[in-house]
Amino acid sequence: METFEELELKEEVLKALKDLGFEKPTPIQAKTIPHLLTSENDLVALAQTGTGKTAAFSLPIINQVDSNAKNVQAFILSPTRELCLQIAEDIKDFTKYSKKIKTTAVYGGANIDSQIRQLKAGSHIVVGTPGRVCDLIRRKRLDLSHIQWVILDEADEMLSMGFKDELDFILEQTPQEKQTLLFSATMPKDIARIAKKYMNTPEEIAVGEKNSGAKNVSHVYYLVQSRDKYQALKRIADINPNIYSIVFCRTRRETKEIADKLITDGYNADALHGDLSQAQRDVVMHRLRSKHLQILVATDVAARGIDVDDLTHVINYSLPDQMEAYIHRSGRTGRAGKKGTSIAIIHSREKNRIRILEKKIGKSFEKGEVPNGKEICNIRLMNIIDNLQNVEVDEKNMEEFMPAIYEKLDNISKEDIIKNFVAVEFNRILRYYRNAPDLNLATSKDQRQKRRGEIEYTRFHINLGSKTNLNPQRLMGLINEHPSIRKIAIGQIEIFKKFSFFDTDSEYKEKIIQALNGSDFEGITIAVEPVKSPPKTSDKKYHKKRRGSGSQRASKGRERNSRDKFKKKPRNRY
Ligand code: AMP
């Protein structure tokens, strides 16, 4: 189906679609609209959010509603207030030129009396959330006994939110003779059961694969230590200066904590969780929708029903307990034909969960490398330059200030002005990422490589030994304390009485010197230096030279003892 005209929708509906800029039906619309216009059979439609399903069920209903009748003819049940409001808004847009069709949204957390008044005034289409709908039915303010269409939107969400009893109650109030449509992103067993219990041999249509992730979404995971997850999140945000994202956390506490940290660290972030009042939630959602908020940190429950277009990333700060939830999370990006990325920040024990998810969504995850400081600085710098190039200059209003500005900058060269302007924006990030450690956790493949001895080691001499309480564990602890060298491979360690040797990955030679030299170990100022060629510990000439002063000389026998005791096989430290 190429155009909406071919679907034989009424002129006033086509006009509204034109105003909205809808040129041709999305796949779910091309399948659902003809079905609803020509058949009375029930329908189960498997579609993600963002595929255009609101128009898919609304347009054929709007086309067929009898606006002269007074009763409710179509009833749409939505799991959340946000989705309910959004559906009602969309329907109002679609009925822009069908003025006689009245739509009412009924949802919790808002004054019930005004909703009752609207219902009393007459509504052809009612969109509601389960709790409020049950309440209105019990108060005899909402009569569903004559409806022609029931739409269960995001039915899987409805069940996972525990609305099974409400669903049963509501559906019992509807007449036998009606057309039921069930929309769901996934097809868990419970949905199949609902379809069997309440629907009349429904036809089934699917857009994309059953239980699959959205087509336009690519999936990436970053493997880091648990304690580095927040740093990794920041780097992901930093390397994407125009990020527009929802970060999913598992608990309210985690949500608050991560949002607070991001705000403190200067990010444009906010939190959405169950402890917020409805008014607070509305403020946050308004900021997100109007793109005044870049990063929303949310729990699954709080983010239900949030359908915001153009999100660039969905970030799983913590993977959800239920794999189904991952599909919902990732479906919030890549909407309306746009590309999106769903990111999972995981630690090593969660790698098997990625494999399970891959099976579930039928797509592979790409392993992402957490960007290093230099990469981030490059991207941010270029972003600043782009902004500088593309900024709209308000010539008229700036005119009066310019002479004073030119006068002040008169003595500075063009190059210096550019440098200073960039530095104003860039210094913070440059300072932050100087010496930033690598956060990527080695995979077992990397580890195997290291075990196979594919690392080139540099041997260091350190002015600490067993007499100054150094042992291999403490030496490793000493290295671990420094973020810039925390995860590097350590080879052989030899502890002598007054000095020691250790081998580390040559790549980190300079960083070892920078990090350890001059730092303190129990009151002793540490001095490390690379040893030119790794000496054999029996190299008498070398040791004689190194031992130098009499006070440093140790008994050969004892040196050997300690050497044997602490000699360690090369190992890697991941
Ligand atoms: P939905 O899945 O109904 O939430 O729709 C997702 C987004 O796609 C919304 O912003 C709709 O306005 C938009 N949309 C729906 N159908 C079309 C269409 N045929 N052409 C262009 N945009 C559409």
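Above this text is the structure in question.
Reading the values: rules and limits
- Residues numbered from 1 in each chain as written.
- Predicted model: local features only at pLDDT ≥ 70, side-chain atom pairs only at ≥ 80, totals over all residues.
- Heavy atoms only, no water.
- Near = heavy atom within 4 Å.
- Polar contact = N/O pair within 3.5 Å; in protein donor to acceptor, adjacent residues only side chain to side chain.
- Areas by Shrake-Rupley, 256 points an atom, 1.4 Å probe, with all protein chains shown as cover.
- Nonpolar A, V, L, I, M, F, W, Y, C, P; charged D, E, K, R; others polar.
- Domains from an automatic or database assignment.
- Helix = DSSP H or I, 4+ residues; strand = E, 2+ residues; numbered from the N terminus.
- Expected span 1.5 Å × (residues − 1).
- Buried < 20%, exposed > 50% of the residue type's maximum accessible area, 1.4 Å probe, protein only.
- Pairing = 2+ DSSP bridges.
- Axes fitted to C-alpha atoms, helices over the stretch in contact; angles between N-to-C directions.
- Parallel < 35°, antiparallel > 145°, perpendicular 65-115°, else oblique.
- Left-handed = near helix turned anticlockwise from the far one by under 90°.
- Contact = heavy atoms within 4.5 Å.
- Salt bridge = Lys/Arg side-chain N within 4 Å of Asp/Glu carboxyl O.

1. Let's talk about the site of the ligand
Here is step 1: If you check the shell around the ligand, you find 13 residues, and the closest are Lys-24, Gln-29, Gly-52, Thr-54 and Asp-309.
Here is step 2: Take Thr-51: an N or O atom from its main chain is 3.2 Å from an oxygen atom of the ligand.
Here is step 3: In this structure, an oxygen atom belonging to the ligand sits 3.3 Å away from a main-chain N or O atom of Lys-53.
Here is step 4: Contact with the protein chains covers 80% of the free accessible surface of the ligand, which is 490 Å².
Here is step 5: Of the residues in the shell around the ligand, the class split is 3 nonpolar, 6 polar and 4 charged.
Here is step 6: A domain-level breakdown of the shell around the ligand finds at least three residues from each of domain 1 (4-206) and domain 2 (217-368).

2. Here we look at helix H4 (residues 81-94)
Here is step 1: When the terminal C-alpha atoms of H4 are compared, their 20 Å separation across 14 residues agrees well with the 20 Å that a helix rising 1.5 Å per residue should span.
Here is step 2: Within H4, the full set of buried residues consists of Arg-81, Glu-82, Leu-83, Cys-84, Gln-86, Ile-87, Ala-88, Ile-91 and Phe-94.

3. Comments concerning unusual backbone geometry
Here is step 1: Phi is positive for Asp-310, which is not a glycine, with a value near 75°.
Here is step 2: Within the secondary structure, Asp-310 is located in the loop between helix H13 (300-303) and strand S12 (313-316).

4. Comments concerning the pairing of strand S9 (residues 245-248)
Here is step 1: Here S9 shows a buried face lined by Ser-245 and Val-247 and a second buried face lined by Ile-246 and Phe-248.
Here is step 2: Note that S9 and S12 share 4 bridges and pair parallel. The partner of Ile-246 across the bridge, within S12, is Val-314.
Here is step 3: Bridge count for S9 against strand S11 (residues 295-298) is 4 bridges, and the pairing is parallel. If you follow Val-247 over to S11, its bridge partner there is Val-297.

5. Let's talk about the packing of helix H14 (residues 323-330) against helix H15 (residues 351-361)
Here is step 1: Contact geometry for H14 and H15: axes closest at 10 Å, N-to-C directions at 70°. By the criterion of interaxial angle, the relationship of H14 to H15 is roughly perpendicular. Note that H14 runs across H15; the crossing there is right-handed. Touching Met-323, Glu-324, Tyr-326 and Ile-327 of H14 are Arg-353, Ile-356, Leu-357, Lys-360 and Ile-361, all from H15.
Here is step 2: In terms of residue class, the contact of H14 with H15 is built from 6 nonpolar, no polar and 3 charged.

6. Considerations on the pattern of salt bridges
Here is step 1: A complete count under the given rule lists 22 salt bridges for this structure.
Here is step 2: For Lys-164, the salt bridge identified is with Asp-168, shortest N-O distance 3.6 Å. Of this pair, Lys-164 and Asp-168 both sit in helix H8 (residues 164-172), 4 residues apart, which is roughly one turn of that helix.
Here is step 3: In this structure, the salt-bridge partner of Arg-380 is Asp-238, at a minimum N-O distance of 3.7 Å. In this pair, Arg-380 is assigned in helix H16 (residues 373-390) and Asp-238 in helix H10 (residues 229-239), connecting sequence segments 142 residues apart.
Here is step 4: In this structure Asp-238 comes out as buried when scored by relative accessible area, which is 3%.

7. A few points about the pairing of strand S13 (residues 340-346)
Here is step 1: Burial analysis of S13 places 6 of its 7 residues in the buried class, the great majority of the element.
Here is step 2: Where strand S8 (residues 217-223) meets S13, 7 bridges bridge the pair, whose relative direction is parallel. Of the residues in S13, the one forming a bridge with Tyr-222 is Ile-345.
Here is step 3: With 4 bridges joining them, S12 and S13 adopt parallel strand pairing. Pairing of Ile-315 across the sheet is with Ile-343, part of S13.

8. Looking at the sheet that holds strand S17 (residues 500-505)
Here is step 1: Across the sheet, 4 strands lie side by side as S16-S17-S15-S20; this open sheet has antiparallel pairing. A strand with exactly one partner marks an edge of an open sheet, and here the two such strands are strand S16 (490-495) and strand S20 (528-530). Neighbouring strand axes in the sheet, compared pairwise and without regard to direction, differ in orientation by 25° on average.
Here is step 2: In this structure, S16 lies alongside S17, joined through 4 bridges in antiparallel fashion. What sits directly across from Ile-490, in S17, is Thr-504.

9. Description of the side chain of Ser-500
Here is step 1: Summarising the element assignment, Ser-500 is placed in strand S17.
Here is step 2: Since its relative accessible area comes to 0%, Ser-500 is described here as buried.
Here is step 3: Within the structure, the side chain of Ser-500 is placed 2.7 Å from the backbone oxygen of Leu-464, a separation counted as a polar contact.
Here is step 4: For Ser-500, the residues in contact, after removing those within four places along its chain, are Phe-460, His-461, Ile-462, Leu-464, Gly-465, Leu-470, Glu-494 and Ile-495.

10. Observations regarding the environment of Asn-63
Here is step 1: Position of Asn-63 among the secondary structure elements: in helix H3 (residues 53-64).
Here is step 2: In this structure Asn-63 comes out as buried when scored by relative accessible area, which is 11%.
Here is step 3: The sequence separation of Asn-63 and Glu-11 amounts to 52 residues, and the corresponding C-alpha distance is 9.6 Å.
Here is step 4: Among residues more than four places away in sequence, those in contact with Asn-63 are Glu-8, Leu-9, Lys-10, Val-13 and Leu-37.
Here is step 5: For Asn-63, the side chain forms a polar contact with the main-chain nitrogen of Lys-10, separated by 2.8 Å.

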